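# Analysis of the macromolecular model
Read off the chains here:
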Amino acid sequence: MTSKRSLWQEVTEGLKTWARVNSPWVLHFNSGSCNGCDIEILATLTPRYDLERFGVKLQGSPRHADVLLCTGPVTRQARERLIRIYEQMHEPKFVVAIGSCALSGGAFQGCYNVMGGIDHVIPVNAYIPGCPPRPEAIIDGVVKLLGSLLPARQPQAIVETELEKAGVG
Amino acid sequence: MTDTTPKGFTIPIGPQHPALKEPGHFRFTVDGEIVTRAYVRLGYAHRGIEKAAEERNYIQDLYLLERVCGICSHIHALAYSLAVEQLANVQAPPRAQAIRVLVAELERIHSHFLWMGVSAHEAGFDTLFMYSWRDREQVMDILESLTGNRVNYSANLLGGVKFDVGREQAAQILLSLDYLEERARHYLNVLSKDAMFLQRTRGIGVMTRAQAEVMGAVGPTARASNVPRDLRVTAPYAAYPEFPVKMILDDRGDLEARFEVRMHELFESIRVIRRILNEMPETELVARMPRRIPVGEAVVRLEAPRGEVFYYIRGDGTDKPERLKVRTPTICNLNSVVRLVVGHQLADVPMILAGIDPCFSCNDRMVQVEQAHNGTERTMTWSELRQHGIDFYSRSSR
Amino acid sequence: MSRPRPERLDVKVKEIKQLLPIIVGLRVKRLGYLSAIVGVDLGVEANEIEVIYYFCPESAVIALRVRVPRQGATLASLSDVIPSAEVFERELREMFGIEITGLHTTDHLYLPDDWPDGVYPLRRDFDSAAIAGAGEKV
């Protein structure tokens, strides 16, 4: 990604990034969750939280998606579909794992039909913990991911705890 | 954010890997537009909870079972708590039981508002989806103020509940209930008079009483076909003997009936919550549980928003249950859907499914449609099937 | 049962072939609907699996109990008499390895298509390590 590019390439990449950051198309996939995270994701689209004001558009096809929002611990049955979806998305693509199950299997860690988290199956760019995470936390995570796409900022590990923010610990 | 290269994971690139088949959730055989056969593949959300419950102790299991379903988390935790209390021969104190019913009815309200929005979305009424979910936020606020969480409220303890309801909270809740009741009346009005909506629900998906009984339907799906199954009334548990609800029945058996039954249930839930808040028994919140849960079996049946939840538990005297069985209402109602859609138009399928208020994620379901007479097959996403229904009806109404 | 509860009836069905006539009798008398079928593996030593059919008339719960051997067990499907039994029986079959004659499909209900044959999760001797790749990366 750091090879020399022509001016034209720089401009089109910049436009694409701007478009991606300002109106990413998002696909939601449930890999076997209890639906708790899914309903909080849907809630972010409703008037109180209104994720769409950030330009995020939820749509139904992997071929048009920039960002994949993934919930669930990945059941064996859902695994193939998840891989398929990931493959059908065009580069550059980003995956957000939402909820404890998506992070590590959550309460279902070790269960026989469960792979144990999204990153056991496909690469993940952002992790939003919670059981389920509040809509505000989901929005926060997605906005942070979008912010990291701006050229000036390289992706980095952002781990903020309430204590750090309060200046303690 | 971590770097994008996973450790030790190779992403298959290039043409589709031949071993990766597309597991279809639904498969319909159609003759023109009419469905002649339907098949549903479950298992996408099968996490092996019953086995996991045997490997965790009784207290851990409470937290596990709250997560069977994010929409009806409380009813599962309540069923489990009641089952373990039955094994231990413990009765939770009256105030705890009343609070349990309070949360259960609040859950029913949030679930029915959620379902209202999702069904409206299936029919193409996105405005109603937005409004009903906005209103639903009132219920989420109430649940959060009582329990500390919007979803997975974790109200139950083995032996009682974790929190009390204060007087100011009660006053706030009563105000919110007034608002919710007014909104529910508005939606009932819209849904029962809107011509476009009625086109998709009136006379569609009819299930007679006999059919509903034979197919094992439960919950509002059954009550809309005049089958008097409501465990809060026929087999009252927790505080329902003291705070009874009225069973809502409808004899039309179509989608419209299923919608109206749930709407009327909302009013009953609001009414009973008001009563509980005004007449809350004054007792402690937790009963003492024995240190060891005794050997034995217990069966508990509760009325979740979707219908009957059946819990079986077997204790062997150790700190882990020997066997736990969870039978959810959706598996009973799915039976009826698979049979109901046969003979209907493909365009009716999304609404017929919405009519049972299925407890699995609505977002990603692949649908395979096979034309009977020439064997051609089409794979579509659920959104495409939904759009097919919306387009079909908007064409036919011109 | 050492502590009999009100509104509970336990019936031990001694011979499997008595099961269907009993159920037909319950149906004729309209004594409840089939609410669940529960399998319990009584253990490798006991060498039996208990299958409990729960019929629920109003608030009562009638449990019809049948015992089958852990190896080579066969039960007849109720689905011709009670269509809703089909899903419960399919679950019983895939979780415990009990053969159910008369079921119209061999497809798994909850278990994935690539689940290995002969591995029954709810048996006591189920070994999750037998499932290749359980919890592991692809």
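These numbers come from a predicted model, not from an experiment. (Residues numbered from 1 in each chain as written. Chains lettered and ligands numbered in written order. Predicted model: local features only at pLDDT ≥ 70, side-chain atom pairs only at ≥ 80, totals over all residues.)

As a further point, take the overall build of chain A. Scanning chain A for helices and strands turns up 6 helices and 5 strands. Each helix and strand of chain A, placed in order from N terminus to C terminus, yields the pattern α-β-α-β-β-α-β-α-β-α-α. For chain A, with 169 residues in total, the buried portion stands at 51%. For chain A, contacts bridging at least 24 residues in sequence account for 78% of all contacts bridging at least 6. (Helix = DSSP H or I, 4+ residues; strand = E, 2+ residues; numbered from the N terminus. Buried ≥ 20, exposed ≤ 12 C-beta atoms within 10 Å, placed from the backbone. Contact = placed C-beta atoms within 7 Å.)

A few words now on the overall build of chain C. Secondary structure summary: chain C contains 2 helices and 6 strands in total. Along chain C, helices (α) and strands (β) appear in the sequence β-α-β-β-β-β-α-β when read from the amino end. By its C-alpha atoms, chain C is 55 × 35 × 25 Å across when sized along the principal axes. For chain C, the residues scored as buried account for 35% of the 138 residues in total. Pairs at least 24 apart in sequence give 49% of the contacts found in chain C among residues at least 6 apart.

Turning our eyes to something else, we now look at the pairing of strand S2 (residues 34-40) of chain B. Here is the key point about a regular strand: its side chains alternate between the two faces of the sheet. Residues and elements named next belong to chain B. By the bridge criterion, 6 bridges tie strand S1 (residues 26-31) to S2 in an arrangement that is antiparallel. Paired with threonine 29 across the bridge in S2 is arginine 37. Counting the residues that bridge the hairpin from S1 to S2 gives 2 residues, and of these glycine 32 lies at a positive phi of roughly 70°. (Pairing = 2+ DSSP bridges.)

With that settled, the discussion passes to helix H2 (residues 36-43) of chain A. The element H2 of chain A is extensively covered by neighbouring structure, given that 8 of its 8 residues are classed as buried. Within the span of H2 of chain A, buried status applies to Gly36, Cys37, Asp38, Ile39, Glu40, Ile41, Leu42 and Ala43 of chain A. Elements in contact with the buried residues of H2 of chain A: strand S1 (25-30), strand S3 (67-71), strand S4 (94-98) and helix H5 (135-148) of chain A together with helix H4 (94-122) and helix H5 (126-147) of chain B.

Quick look at the packing of H4 of chain B against H5 of chain B now. All names here are of chain B. Remark: H4 packs on H5, axes separated minimally by 8 Å, with the N-to-C direction vectors making an angle of 165°. If you check the angle between H4 and H5, you find them roughly antiparallel. Where H4 crosses over H5, the handedness of that crossing is left-handed. Where H4 abuts H5, its residues Leu106, Ile109, His110, Phe113, Leu114, Met116, Gly117, Ala120 and His121 lie against Asp126, Leu128, Phe129, Ser132, Trp133, Asp135, Arg136, Val139, Met140, Ile142 and Leu143. Taken together, the residues that form the contact of H4 with H5 break down as 13 nonpolar, 4 polar and 3 charged. (Axes fitted to C-alpha atoms, helices over the stretch in contact; angles between N-to-C directions. Parallel < 35°, antiparallel > 145°, perpendicular 65-115°, else oblique. Left-handed = near helix turned anticlockwise from the far one by under 90°. Nonpolar A, V, L, I, M, F, W, Y, C, P; charged D, E, K, R; others polar.)

A separate point is the confidence of the model for chain C. Residue and element names in this part refer to chain C. On average, residues of chain C score 88 in pLDDT, and 92% of them are at 70 or above. Note that pLDDT drops below 50 for residues 134-138; the model gives that stretch 11 contacts with residues more than four away or on any other chain. We note a pTM of 0.90 for the whole complex and an ipTM of 0.93 for its interfaces. (pLDDT = per-residue confidence, 0-100.)

Each side of the interface is counted separately: chain B has 27 residues, and chain C has 24 residues. Sorting the residues of the side of chain B that touches chain C by element identifies helix H1 (49-54), helix H8 (209-214), strand S5 (296-304), strand S6 (307-315), strand S7 (321-327) and helix H12 (329-340) of chain B as the ones contributing at least two each. The dominant element in the side of chain B that touches chain C, judged by the number of residues it contributes, is S6 of chain B, at 4 residues. A class-by-class count of the residues in the side of chain B that touches chain C yields 11 nonpolar, 7 polar and 9 charged.

Bringing the environment of serine 100 of chain A into the picture now. Residues and elements named next belong to chain A. Positionally, serine 100 belongs in helix H4 (residues 100-104). Residues serine 100 and lysine 57, 43 residues apart in the sequence, show an inter-C-alpha distance of 24 Å. Setting aside residues up to four positions removed in sequence, serine 100 forms contacts with Gly106, Pro129, Gly130 and Cys131.

We now examine the sheet that holds strand S1 (residues 8-12) of chain C. Residue and element names in this part refer to chain C. Strand order in the open sheet formed by 4 strands is S1-S4-S3-S2, with mixed pairing between adjacent strands. Since the sheet does not close on itself, it has two edges, and those belong to S1 and strand S2 (33-41), each with one partner. Across the sheet, the axes of successive neighbouring strands diverge by a mean angle of 20°, strand direction being ignored. Packed on one face of the sheet, helix H2 (residues 85-96) meets S2 and strand S3 (48-56) and runs near 5° to S2.

Residue and element names in this part refer to chain A. Strands sit in the order S2-S1-S3-S4-S5 across an open sheet of 5 strands; the sheet is parallel. For this open sheet the edge positions go to strand S2 (57-58) and strand S5 (126-128), each flanked by a neighbour on one side alone. In this structure, S1 lies alongside S2, joined through 2 bridges in parallel fashion. Paired with valine 26 across the two strands is leucine 58, which belongs to S2.

Moving on to the environment of cysteine 111 of chain A. The residue cysteine 111 of chain A is located in the loop between H4 and S5 in this model. Separated by 30 residues in sequence, cysteine 111 of chain A and glycine 141 of chain A have C-alpha atoms that sit 28 Å apart. Residues contacting cysteine 111 of chain A, with those up to four places away along its chain left out, are Arg47, Gly48 and Ala52 of chain B.

With respect to the helices and strands, leucine 42 of chain B occurs in the loop between S2 and H1. For leucine 42 of chain B, a count of 20 C-beta atoms within 10 Å corresponds to the buried category. C-alpha of leucine 42 of chain B to C-alpha of phenylalanine 26 of chain B: the two residues are 16 residues apart in sequence and 9.0 Å apart in space. Those residues in contact with leucine 42 of chain B that lie beyond four places of it in its chain are Leu109 and Tyr110 of chain C.

Here the focus is the nonpolar core. In this structure, Leu68 and Val96 of chain A are the most contacted members of the largest nonpolar core, which totals 199 residues. Per-element accounting of this core gives the leading share, 14 residues, to H4 of chain B. Valine 96 of chain A has contacts with Val67, Leu68, Leu69, Cys70, Asn125, Ala126, Ile128, Gly141, Val142 and Leu145 of chain A, leaving out every residue within four places of it along the chain. (Core = buried A, V, L, I, M, F, W, Y, C linked by C-beta atoms within 7 Å.)

Extensive coverage of S2 of chain C is indicated by the burial of 9 of its 9 residues. Linking two consecutive strands that pair antiparallel, namely S2 of chain C and S3 of chain C, is a turn of 6 residues; a positive phi of about 115° is found at glycine 43 of chain C within it.

Moving on, we come to the packing of helix H2 (residues 58-65) of chain B against helix H3 (residues 73-88) of chain B. Residue and element names in this part refer to chain B. Taken N-terminus to C-terminus, the directions of H2 and H3 make an angle of 155°; their axes are 8 Å apart at the nearest point. Comparing their axes, H3 and H2 come out roughly antiparallel. Where H2 crosses over H3, the two elements pack in a sense that is right-handed. Here Tyr58, Asp61, Leu62 and Leu65 of H2 come into contact with H3, specifically with His76, Ala77, Tyr80, Ser81 and Val84. Taken together, the residues of the contact of H2 with H3 sort by class into 6 nonpolar, 2 polar and 1 charged.

Moving on, we get to unusual backbone geometry. Going from glutamate 91 of chain A to proline 92 of chain A, the amide bond is cis rather than trans, its omega being -15°. Position of proline 92 of chain A among the secondary structure elements: in the loop between helix H3 (76-88) and S4. Look at the link from cysteine 131 of chain A to proline 132 of chain A: it is a cis peptide, with omega at -10°. Of note, proline 132 of chain A is situated in the loop between S5 and H5. Unusually for a residue other than glycine, serine 154 of chain B sits at a positive phi of about 50°. Among the structural elements, serine 154 of chain B can be located in the loop between H5 and strand S3 (156-157). With 20 C-beta atoms packed within 10 Å, serine 154 of chain B lands in the buried category.

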